[in-house]
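Structural overview
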Amino acid sequence: MLVAVAAAVIPFAGDPAKIVGTRLSPPSAAYPLGTDALGRSVLARLLEGTRTTLVLSTLAVVCTAVISVILGLIAGYAGGWAREVIMRLSDVLYSFPSIVLAILIAAVVGPGQAAVLSSIVLVTVPLMTRMVSAAAMSVAKRDFVTTAKISGVSAPVILFRHLLPNVSGTIAVQGTYALSVGILVEGGLSFLGYGVQPPRSSLGLLIQEGGSYMLQAPWLLFIPAAVLVVAILSINLIGDTMRDRLDPRETRSLV
C-alpha cells in the first residue's frame, strides 16, 4: 500500500502508459516484473492497479461505514418497526450472492468506476448494518443510556455521543472486512469487464489481461493475482488483530 501510494508522488517505476521495451519481455534487471503485451512496464502498471483498487475500495468502504452506522444505530436504538424495516431491507440485499449483485448493478449503471463503487457499497452495507445494529442494541440496554433518556437527552445526542463511541470497535473490525470484500468485488468486476476500463489498470483488470497470455507470459497473471491474495490476507490479519485488541471480553496478560 505504501509503495503504491509513494509511486503516485514519485514515479520511480516509470509511466504505466509508456511503451518501454519489447512486448512480453520476461522479468529482468531493466524490467523487474517484465513487460506486457504492448511493451509497458508491468511494475508500473501493477503499482497503478494496486493504487486504483485500494482507492476505489477505501472510498466505497467509507460510504458503507457512514450508511451502515446511521442505519445500524437507528435500528439498534429505536427497535420496533424501524428495526424491522432496516433489517428486512438488509436481508434482501444480503440474500444475493456478492458477485451476482455486483454484476446486476454494473449492468444497470454501466461499466466503470461508478459501477465498482456502487457494487461494493451495496454488497458490504447489509452485513455491517446488521453488526452495528446488534452492537447498538446491546449498548442501548445499559444503564447510562437509560439515564440519558430519563434526563431528557435527545435521541440524536444519545446515538452519536453515547452509542457511537461504544460500537466503534465493531465498526473498525467490520470496516477491514468490508475492505477485503471490496477488493474482491473490484477484482471480480474488472476481471469480467464491468469494472475499471483500459487504459487505466486495476488488479482485477491486470489479472484479466494476464489470463490471455498465461502460457507465453505467466508472470502477467500470477504477479497481480499474488498481490491481490496478499492484500486480502493482510487486511484480514489487521482486522483480526483489531478485533482481539478492541474486544473487552478478550483475556489479556496484565504484564
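These numbers were taken from a predicted model, which means no experiment stands behind them.

**Some remarks on the packing of helix α6 (residues 143-150) against helix α7 (residues 155-166)**
Contact geometry of α6 with α7 gives a least axis separation of 11 Å together with a crossing angle of 180 degrees. One finds that α6 runs roughly antiparallel with respect to α7. Residues Phe-144, Val-145, Ala-148 and Lys-149 of α6 lie in contact with α7, whose contacting residues are Ile-158, His-162, Leu-163 and Asn-166. Among the residues making up the contact of α6 with α7, the classes are represented as five nonpolar, two polar and one charged.

**Some points on the confidence of the model for the protein**
Residues with a pLDDT of 70 or more make up 96% of the protein, whose mean pLDDT is 86. By mean pLDDT, helix α1 (residues 2-9) is the weakest element of the protein at 77, and helix α2 (residues 42-78) is the strongest at 91.

**Considering the environment of Ser-90**
Structurally, Ser-90 can be placed in helix α3 (residues 80-94). In this structure, Ser-90 is in contact with Pro-126, Thr-129 and Arg-130, ignoring residues within four places of it in sequence. In this structure the side chain of Ser-90 is engaged in a polar contact, spanning 3.0 Å, whose partner is the backbone oxygen of Ile-86.

**Looking at the nonpolar core**
Counting residues in hydrophobic clusters, the biggest one holds 37 residues, and the most contacted among them are Leu-73, Tyr-77, Leu-163 and Val-167. Ignoring anything within four residues of it in the chain, the contact list for Leu-73 reads Ser-68, Ala-78, Val-132, Ala-136, Leu-159, Phe-160, Leu-163, Leu-164 and Val-167. Among the nonpolar cores identified, the runner-up in size contains 16 residues, and Ala-102, Ile-105, Val-123 and Val-181 belong to it.

How each quantity is defined
- Residues numbered from 1 in each chain as written.
- Predicted model: local features only at pLDDT ≥ 70, side-chain atom pairs only at ≥ 80, totals over all residues.
- Heavy atoms only, no water.
- Axes fitted to C-alpha atoms, helices over the stretch in contact; angles between N-to-C directions.
- Helix = DSSP H or I, 4+ residues; strand = E, 2+ residues; numbered from the N terminus.
- Parallel < 35°, antiparallel > 145°, perpendicular 65-115°, else oblique.
- Contact = heavy atoms within 4.5 Å.
- Nonpolar A, V, L, I, M, F, W, Y, C, P; charged D, E, K, R; others polar.
- pLDDT = per-residue confidence, 0-100.
- Polar contact = N/O pair within 3.5 Å; in protein donor to acceptor, adjacent residues only side chain to side chain.
- Core = buried A, V, L, I, M, F, W, Y, C linked by side-chain atoms within 4.5 Å.
- Buried < 20%, exposed > 50% of the residue type's maximum accessible area, 1.4 Å probe, protein only.

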